[in-house]
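What follows is the residue order along each chain.
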Amino acid sequence: MFPFAALLLATFQQPVANEADYYTVDYLQPPPGALVEVGGMDFLPDGRLALSTRRGQVWIVDNPLAADPKDAHFQLFAEGLQEGLGLNVVDGEIYVVQRSELSRLRDTDHDGVCDTIETVCNSWGVSGNYHEFAYGLPNDAEGNFYVSLNLGFTDPKWWHGRSLAPYRGWIVQISKSGKLSPYAYGFRSPCGLGMDDTGHLLLTDNQGDWEPVCPLYYVKPDAFHGAPASLEWTPQYQETKAVPSLTNPPDMPRVAPALWMPYGWTRSTGDMCTIPRDGKFGPFGGQLALAEMTNGLVLRADLEDVRGQMQGACMLLRQRIGSAIRVHFASDGTLFTGLTNRGWGGLGPSAGVARVRWNGKTPFEIEHVHLVQDGFELALSEPLAPSWKPDPADVIATQYHYDWWWEYGSPERGTRMLTGTTLETSADRKQLVVHFSDLAAGEVAKVKLSGLVSASGQALLHDEFAYTVNQLPEGPLCDTPVARVVPPPPARENGSEGWLRVCYGNAFEMWKPSHWKLADFELDPADPTKFELKDGSGALANQGVTPAEDYVSNFVFGDAKIHVECALPKGGATAVSVFGLYDIRLADPGDEQKLSLSSMGAVLPGEHFAGSPPLLPAFKGPGTWHDLDFFFRAPRFDASGKKTANARFERVMVDDVLLQNQIELTEPVKGARGPEVAQGPLVIRGGLGTCAVGGIMVRPLDVEWIAQGWTPLLAPDEIEGWKEVGGGTWHNEDKLLTSGGKAGFLETERDDYENFELRARCKINDGGLSGVWLRADAPETGAPAGYCVKLNASHPDAEKTGSILGFAPRTVHLVPQDTWFDLVVRCETTPEGNRISVRINGSEVNSALDTAKKFTKGRVMLEQHHEGSVLEVKDLAIHAL
Amino acid sequence: MLSPILLCALVCLAQQPAQTPAQTPPEPKPVDVHAEHPARPLFLANCAQCHGETGDGQGTTKLDRQARSFQDGGFSYGNTPEALVRTITYGIPGSPMPSFEKALALEQRKQLAEYVLLLGPVQEKTDAKDSVMVVKDRPLVVRGKLPPVVEGGPEFPRGLLIGTPEGLSFEYRTDDVRLLAVRNGEFADRADWRGRGGDALVPLGKTVHVRESGSDDWIFARFGALSRRQMRASEVLGGAGRLRYELLDPSGKHVANVLETPTAFTCSAGAGYARRFEIDPGVPDPQSALASHEVHGALAELKLRRGLASPRANVLVLEEITLPGVLWPADAAGQKKLMDSFLAEAKR
């Protein structure tokens, strides 16, 4: 809520106050062509200003306080740093925090240019994720520096911040000798790390997942501040190898921020600086000025201690400055504001340094807000006009709270008008007290006052404040946080997207023939080393299969995420083997407590490769199902076939406990046959012991959908080039094609598609049935002609998605209903016959050869089978072979 | 911060298929060898045997890949006169193009650069990109994320490049201060200056040498089992870019300080690079020297490793000089002559 609206209303009744009447703004002038995207600022002992920038430069500005900004000269001191989002001058030395190191910059040969960049500390975690900024750079009385580390954001679920390397999402402390210690955690994008003038460490975080709006914290060491991803590096999580949930709130106490700042005022808060107590910046000495990038302004925070909890009011201070990320007061009271917004967005100017100065004229402001049990005592900078009469109708006050959840930000929740408003003024008319009958703790109170006029005839410059009421001064302590735990909203997309369920509905179709059995099982009560198998379809078991056989898939993949469920009898064992070359053992370790290569979750060794025992025990007992989840990265080869990168297991977990991380597989497992390859099958070992597996799913990763060479078949908003045949209706809008109506087809007008690959993202609904027809035609009467790849998840028809009608059924339920999947169909005449092959989610799942070469060319058609069936299609494209 | 939604949207926008205009092949034009140009005799004497009398790349010397055709107008490192002078002066390490620094005076090299450009098509002015970092007269050290050195390899989140005015750049992984690769040509494009940042640097030079892991064991193995090398500082002093780091034992205890200075090295045998190590404390070893050559097809990698006299007691000074790829003579006498001249110049 911008005060501009209030100002507009006020014009009809009141004098209007204008910030520019009290605070001037001008801009330093960097050299032409220099883009000074400020990341850090501090003054040198001789009064020059040192600036670090996001482009890794350090500039020194001579005469920064010059009345005419043209007289403040920039000189390039250093370049080549990797960002520089914090700068501090300590004992005359320039320290800059880069993305990967805290550095001290020196000019040892005194030629005015930095010649030595010393690494003070480079030991915090960086995974290489683009979002891993490092911010700073306050230091305490002992000379320790503080640096805050951003989380990473990954595809495809960019809305979940992740802590991909040690201490991402933490504040770390770095001693003068460069020793790093973890300091506090639970942060997301902690852009504004600073200190007030009494040495308190303060931090602003930025709205996003787990951050309803931007908070301001008094940082509490060794405490959790609210964003869960960074919990991974706490001793507790490290010992149990638990992985913080991306969606479920952890059950642990959180530090309450001193402020939750209203979204309308700040969306990307930067750092803060104490307003000079000597009055050189106007009446707010001792309070905080905060930088705000998106709205391009500076806010003010007036904080107090209420029963041990820091909290208080925030208000606007000066707007229309530019994308402010850093604020720093000079000794003469000038507020230097560092600007940048590249890649982040915000009100321009988007680079450079602004100087905000108070012109000596005192604005009429709410100087100080003090919480009382039923309201607020407001200290005004000027006395109220004698003619002004307090009127409760001039007060609009609400309270609200937020949701603490994984969704990006939270709206204000539970907004209620405060009632029973009364007002009183002090005798000197410089204090106004507002009372309410229902002021509560655990909520933010937003109070707006209209119509106040000072004795000198001025209107309030800023007529609204937001006070975070963590606690009231009296009564029982409130244990409800302002950002409240709520049931997590549903996951952003169906968790099945991208997966292939390769045993669902038909456990054998995607696998090479073998004697493994489909059955339900229990432990044999007479002999727990055996299963008792019964009729059923709950598991695939190798019990009694002699000679022992591996279960080998007949589909292949490269990089993939893999899920296998496994149960073992007493003493049972198996291994999940990727390509038959790289094995993860799943076994009952028996009485052996020590973790070894025989344990559950061990990576098995090769001839020279040592293998890797798991980090923790994971076997939960005979007969119990275990969920194995891991990422596999296939080896890489150059054009001549020489291996250039080893295969890797990344994040191997059993039942969500991390057992292996980043294991480089320098060679295949001992006894494996065959060379290393870029793609291969999934293998379940049958020769290590008895086991039962099920629920096997494979998700090929990094499957590229490049645009080049592909011709879209559908325009974004119409079906031009296509014709409706029969009773189906086809609606194409905003790049999404949706089917409806009775049976029919949507066919291309062109009827000469011959050898091609066709791709699309598809979704079929519950009970729906459809098909993609190739080299096809749909006559007005009679059956359609052509090859058909069927799309069916839950319709009774036995042929499911991926079936090639009349040639090769797929009764396995590879993809569920109402779930997007990637489909690529290849249609090609070969000397042996017409070959149709189907890839789903990146892996070839079916192929057929029509030796009779029945259809030589034709249209592409999409089928609407019956009323109630809904097919959705995106990104339909074709490329001729 | 701005919602990652916008980044996704920006990425989606960026993925619109590019429209490539239809192109017609350029018409062939008669070759003008500019016979009156003062550099023509120089060209015939020094360049034509590989690059051909008309600069068409069809010289008489047997090479395992064709020499540059100047008529096409494209050059390894850009078509500015400065880039050409530098290439003529320092050569192209890893290729048969030698250094003419000793053979020709600067003025002669400038004339040749000008002449060679005349053999090609009329040049368009190319715009300098805002994010390209250029090494001018003093070395430049830049820190950033390094892309894979070979395709399919890993990125290195902590890295740095030292660029020299001779056009060489040395790429180090800073977690363990390991030299990964040496390049020649332009320096680096700061791709992380675009968007939000965080992208890898793009080293612009052509890779002339990829260092194998363990290739520095001859220096450090004498200090026993080491946990790692800890980066301490980068410096640009006395016209050289250099790195200071600390050797630590497995328990993290200090073993020694190292000053490593990588520089360009040229001699009549070819172009390459040198690295000097000052290790304190260390036992000086000025008598040791080991020369080697490794032949790959028509080229050979020449290497000299030796101890040098120390400026102070208890400081070990070592030097490694590498020519990554010189034309290897077919006959034994020629090979010996080449090695002898390399060693003579390297040891000076």
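Residues numbered from 1 in each chain as written. Chains lettered and ligands numbered in written order. Predicted model: local features only at pLDDT ≥ 70, side-chain atom pairs only at ≥ 80, totals over all residues. Heavy atoms only, no water.

K.L.:
Residues and numbers for the overall build of chain A, please.
P.N.:
From N to C terminus, chain A includes 2 helices and 61 strands. By its C-alpha atoms, chain A is 100 × 70 × 60 Å across when sized along the principal axes. Within the span of chain A, comprising 881 residues, buried residues form 58% of the whole. A separation threshold of at least 6 residues defines the contact pool for chain A, and within that pool the share at least 24 residues apart is 63%. As presented, chain A carries roughly 33,600 Å² of accessible surface, and 51% of it is formed by carbon and sulfur atoms. Charge centroids of chain A, computed over 76 positive and 113 negative side chains, lie 3 Å from each other. (Helix = DSSP H or I, 4+ residues; strand = E, 2+ residues; numbered from the N terminus. Buried < 20%, exposed > 50% of the residue type's maximum accessible area, 1.4 Å probe, protein only. Contact = heavy atoms within 4.5 Å. Areas by Shrake-Rupley, 256 points an atom, 1.4 Å probe, with all protein chains shown as cover. Lys, Arg positive; Asp, Glu negative; His and termini not counted. Charge placed at Lys NZ, Arg CZ, Asp CG, Glu CD.)

K.L.:
Outline the overall build of chain B, supporting the account with residue identities and numerical values.
P.N.:
Along chain B, the regular secondary structure elements total 7 helices and 15 strands. The buried share of chain B, taken over its 348 residues, is 50%. Accessible surface, chain B: about 17,100 Å² in total, of which carbon and sulfur atoms supply 55%.

K.L.:
I'd like a rundown of the domain arrangement of chain A, residues and numbers included.
P.N.:
When the parts of a complex come together, some accessible area is lost, and that lost area is often used as the size of the interface. Segmenting chain A into domains produces domain 1 (18-358), domain 2 (366-485), domain 3 (504-700) and domain 4 (711-880). The C-alpha centroid of domain 4 of chain A is placed 54 Å from the C-alpha centroid of domain 1 of chain A. (Domains from an automatic or database assignment.)

K.L.:
Residues and numbers for the packing of aromatic side chains, please.
P.N.:
Applying the stated criterion to the full structure yields 38 aromatic pairs over all chains. Centroid distance Tyr146(A) to Tyr183(A): 5.0 Å. Interplanar angle 70 degrees. Geometry classified as edge-to-face. Residue Tyr146(A) is located in strand S11 (residues 145-149), and its partner Tyr183(A) is located in strand S15 (residues 180-185); the two are separated by 37 residues in the primary sequence. Among the residues examined, Tyr183(A) registers a relative accessible area of 17% and is labelled buried. Here Phe170(B) and Tyr273(B) contribute two aromatic rings whose centre-to-centre distance is 5.7 Å and whose plane-to-plane angle is 70 degrees, an arrangement assigned as edge-to-face. Placement of the pair is Phe170(B) in strand S4 (residues 168-173) and Tyr273(B) in strand S12 (residues 270-280), with a sequence separation of 103 residues. A single burial state applies to Phe170(B) and to Tyr273(B), both of which are buried. Put simply, the rings of Trp511(A), Trp516(A), Tyr551(A), Phe555(A), Phe557(A), Phe579(A), Tyr582(A), Phe630(A), Phe632(A) and Phe649(A) touch in pairs and so form one group of aromatic residues. Over the ring of Trp710(A) we find Arg759(A); its NZ or CZ atom is 4.3 Å from the centre of that ring. Sitting over the ring of Trp820(A), Lys874(A) keeps its end group 4.3 Å from the ring centre. (Phe/Tyr/Trp six-rings, centres within 6.5 Å; stacked < 30°, edge-to-face > 60°. Lys NZ or Arg CZ within 6 Å of the ring centre and 35° of its normal.)

K.L.:
How would you summarise the nonpolar core if you had to cite specific residues and measurements?
P.N.:
All names here are of chain A. Core analysis: the largest hydrophobic core is formed by 85 residues, its most contacted members being Phe 630, Phe 632, Phe 649 and Leu 823. Top contributing element to this core by residue count: strand S54 (residues 756-764), with 5 residues. For Leu 823, the residues in contact, after removing those within four places along its chain, are Trp 705, Leu 758, Arg 759, Ala 760, Cys 762, Val 772, Val 789, Leu 791, Val 838, Arg 839 and Ile 840. With 49 residues, the next largest nonpolar core counts Tyr 183, Leu 231, Cys 314 and Trp 406 among its residues. (Core = buried A, V, L, I, M, F, W, Y, C linked by side-chain atoms within 4.5 Å.)

K.L.:
How would you summarise helix H7 (residues 332-346) of chain B if you had to cite specific residues and measurements?
P.N.:
Residue and element names in this part refer to chain B. Between the first and last C-alpha of H7 there are 21 Å, a value that for 15 residues agrees with the 21 Å anticipated at 1.5 Å per step. Taken as a whole, H7 has its buried residues at Gly 334, Leu 338, Met 339, Phe 342, Leu 343, Glu 345 and Ala 346. In the core, the buried residues of H7 are packed alongside strand S11 (254-267), strand S13 (289-296), strand S14 (299-308) and strand S15 (316-327). (Expected span 1.5 Å × (residues − 1).)

K.L.:
Report on a negative patch on the surface, specifying residues and quantitative values.
P.N.:
On the surface, Asp717(A), Glu718(A), Glu720(A), Glu733(A), Asp734(A) and Glu749(A) cluster together to form a negatively charged patch. Inspection of the secondary structure assignment puts Glu749(A) in the loop between strand S53 (736-748) and S54. (Patch = residues over 30% accessible without salt bridge, like charges linked within 9 Å, V, L, I, M, F, W, Y side chains within 5 Å. Salt bridge = Lys/Arg side-chain N within 4 Å of Asp/Glu carboxyl O.)

K.L.:
Provide a residue-level description of the sheet that holds strand S1 (residues 132-133) of chain B, including the pertinent values.
P.N.:
One key point about sheets: their strands pair by backbone hydrogen bonds, in either a parallel or an antiparallel sense. Residues and elements named next belong to chain B. Spatially, the 3 strands line up as an open sheet ordered S1-S6-S7, and their pairing is antiparallel. Strands at the two margins of the open sheet, each flanked by one partner only, are S1 and strand S7 (202-203). Direction of pairing for S1 relative to strand S6 (residues 188-189): antiparallel, over a ladder of 2 bridges. Considered in S6, the bridge of Met 133 is made with Ala 188. (Pairing = 2+ DSSP bridges.)

K.L.:
Let's hear about the pairing of strand S17 (residues 201-204) of chain A: which residues, and what values?
P.N.:
All names here are of chain A. Residues Leu 201 and Leu 203 line one face of S17 and the alternating positions Leu 202 and Thr 204 line the opposite face, and both faces are buried. Two elements, strand S16 (residues 192-195) and S17, share 4 bridges in a ladder whose sense is antiparallel. Bridge pairing in S17 links Gly 192 to Thr 204. Connecting S16 to the next strand, S17, in antiparallel fashion are 5 residues, including Gly 199 with a positive phi near 90 degrees. As defined by bridge partners, S17 adjoins strand S18 (residues 214-218) across 3 bridges and the pair is classed as antiparallel. Each bridged residue has a counterpart across the sheet, and for Thr 204 the counterpart in S18 is Leu 216.

K.L.:
Describe the confidence of the model for chain B, listing the residues and the values that go with them.
P.N.:
Segments scoring low in pLDDT should not have their predicted coordinates read at a detailed level. Summary statistics for chain B give a mean pLDDT of 83 and a share of 83% for residues scoring 70 or more. Taken together, the stretch residues 123-128 of chain B has pLDDT below 50 and engages in 2 contacts with residues farther than four places along the chain or on a different chain. (pLDDT = per-residue confidence, 0-100.)

K.L.:
Before we move on, can you summarise the sheet that holds strand S24 (residues 324-329) of chain A with the specific residues and values?
P.N.:
Residue and element names in this part refer to chain A. Taken together, the 4 strands give an open sheet; going across it, the order is S1-S26-S25-S24, and neighbouring strands pair in antiparallel fashion. Both edges of this open sheet fall to strand S1 (23-27) and S24, since each of them pairs with a single strand only. For this sheet the average axis-to-axis angle between neighbouring strands, irrespective of direction, equals 25 degrees. Here 5 bridges tie S24 to strand S25 (residues 335-340), and the two strands are oriented antiparallel to one another. Bridge pairing in S25 links Ala 324 to Leu 339. (Axes fitted to C-alpha atoms, helices over the stretch in contact; angles between N-to-C directions.)

K.L.:
I'd like to hear about the packing of helix H4 (residues 81-90) of chain B against helix H5 (residues 106-118) of chain B, residue by residue, with values.
P.N.:
Residue and element names in this part refer to chain B. At their nearest, the axes of H4 and H5 sit 9 Å apart, and the two run at 125 degrees to each other. Taken together, the axes of H4 and H5 lie oblique to each other. Two packed elements cross with a definite hand, and for H4 against H5 that hand is right-handed. Between H4 and H5, the residues in contact are Pro 81, Leu 84, Val 85, Ile 88 and Thr 89 and Leu 106, Arg 109, Lys 110, Leu 112, Ala 113, Val 116 and Leu 117, respectively. Among the residues forming the contact of H4 with H5, the class breakdown is 9 nonpolar, 1 polar and 2 charged. (Parallel < 35°, antiparallel > 145°, perpendicular 65-115°, else oblique. Left-handed = near helix turned anticlockwise from the far one by under 90°. Nonpolar A, V, L, I, M, F, W, Y, C, P; charged D, E, K, R; others polar.)

K.L.:
If you had to explain the interface of chain B and chain A to someone new, which residues and values would you point to?
P.N.:
At the interface, 39 residues of chain B touch 47 residues of chain A. Counting across the chain B and chain A interface gives 2 salt bridges. With a shortest N-O distance of 3.3 Å, Glu101(A) and Arg143(B) are connected by a salt bridge. At the level of secondary structure, the elements contributing two or more residues to the side of chain B that touches chain A comprise helix H1 (4-14), strand S2 (140-146), strand S3 (156-163) and strand S9 (228-237) of chain B. When residues in the side of chain B that touches chain A are grouped by element, the largest group, 8 residues, is from S9(B). Residue composition of the side of chain B that touches chain A, grouped by class: 17 nonpolar, 10 polar and 12 charged. Across 3 bridges, the pairing between strand S9 (residues 116-121) of chain A and S9(B) is antiparallel.

K.L.:
Pulling in residues and values, what's your account of the pairing of strand S61 (residues 871-880) of chain A?
P.N.:
All names here are of chain A. One ladder, built from 2 bridges, connects strand S51 (residues 711-712) with S61; its direction is antiparallel. Bridging across to S61, Thr 711 finds its partner in Ile 878. In terms of strand pairing, S53 meets S61 through 2 bridges, oriented antiparallel. Among the inter-strand pairings, Thr 738 is bridged to a residue of S61, identified as Glu 872.

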